[in-house]
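Observations on chain architecture
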Amino acid sequence: DKQFSQAARGTLTYTDQAGAAFEFEFQGESVTWVFTRAFNRGKARVLLDGKEVAVLDLYAPQTEWQQRQTFRAAAPGRHLLRVEVLGERNPAAAGTHVDVDLLEVGGAGAR
């Protein structure tokens, strides 16, 4: 969606469809998921190399652009990040949207 100038590079992708997911294969030691916290955001499960590493609640009463969460792999190399939309929400949230604004790879051999 290109309507949000506050997003990194002016775009982000989002959905509220339970079970939807995105995957990102990377080479390096860590990956940072950049997302938006907002009144209509829900919960997401994060897996790194097939193992759950977090469940994040993206709800916030006011919009918070370009929030960052970094996930570190056990060792440098090739890895897979998967983020799943749970279709669950904080009781105060008005929706279950999850977005991806940007992904950043870090560490040795990052690409």
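Below: a short report on this structure.

Across 15 bridges, strand β2 (residues 21-37) lies against strand β5 (residues 64-85) in antiparallel orientation. Paired with Ser 30 across the two strands is Arg 72, which belongs to β5. Bridging between β2 and strand β7 (residues 102-106) involves 5 bridges; their strand directions are antiparallel. Bridging across to β7, Val 34 finds its partner in Leu 102.

Time to look at the sheet that holds β7. Hydrogen bonds between backbone groups are what pair the strands of a sheet, and the pairing can be parallel or antiparallel. Across the sheet, 5 strands lie side by side as β4-β3-β5-β2-β7; this open sheet has antiparallel pairing. Only two strands of the sheet have a single neighbouring strand rather than two, namely β4 (51-57) and β7. Neighbour-to-neighbour, the strand axes of the sheet open up by a mean angle of 20°, direction not taken into account. In terms of strand pairing, strand β3 (residues 43-48) meets β5 through 5 bridges, oriented antiparallel. Bridged to Leu 48 within β5 is Leu 81.

Inspection of the secondary structure puts Arg 37 in strand β2. Salt bridges are absent for the buried Arg 37, whose nearest opposite-charge side chain, Glu 64, sits at 4.2 Å. Ignoring sequence-local partners within four residues, the contact set of Arg 37 consists of Asp 57, Leu 58, Ala 60, Gln 62, Thr 63, Glu 64 and Gln 67.

Conventions we followed
Residues numbered from 1 in each chain as written. Predicted model: local features only at pLDDT ≥ 70, side-chain atom pairs only at ≥ 80, totals over all residues. Heavy atoms only, no water. Pairing = 2+ DSSP bridges. Helix = DSSP H or I, 4+ residues; strand = E, 2+ residues; numbered from the N terminus. Axes fitted to C-alpha atoms, helices over the stretch in contact; angles between N-to-C directions. Buried < 20%, exposed > 50% of the residue type's maximum accessible area, 1.4 Å probe, protein only. Lys, Arg positive; Asp, Glu negative; His and termini not counted. Salt bridge = Lys/Arg side-chain N within 4 Å of Asp/Glu carboxyl O. Contact = heavy atoms within 4.5 Å.

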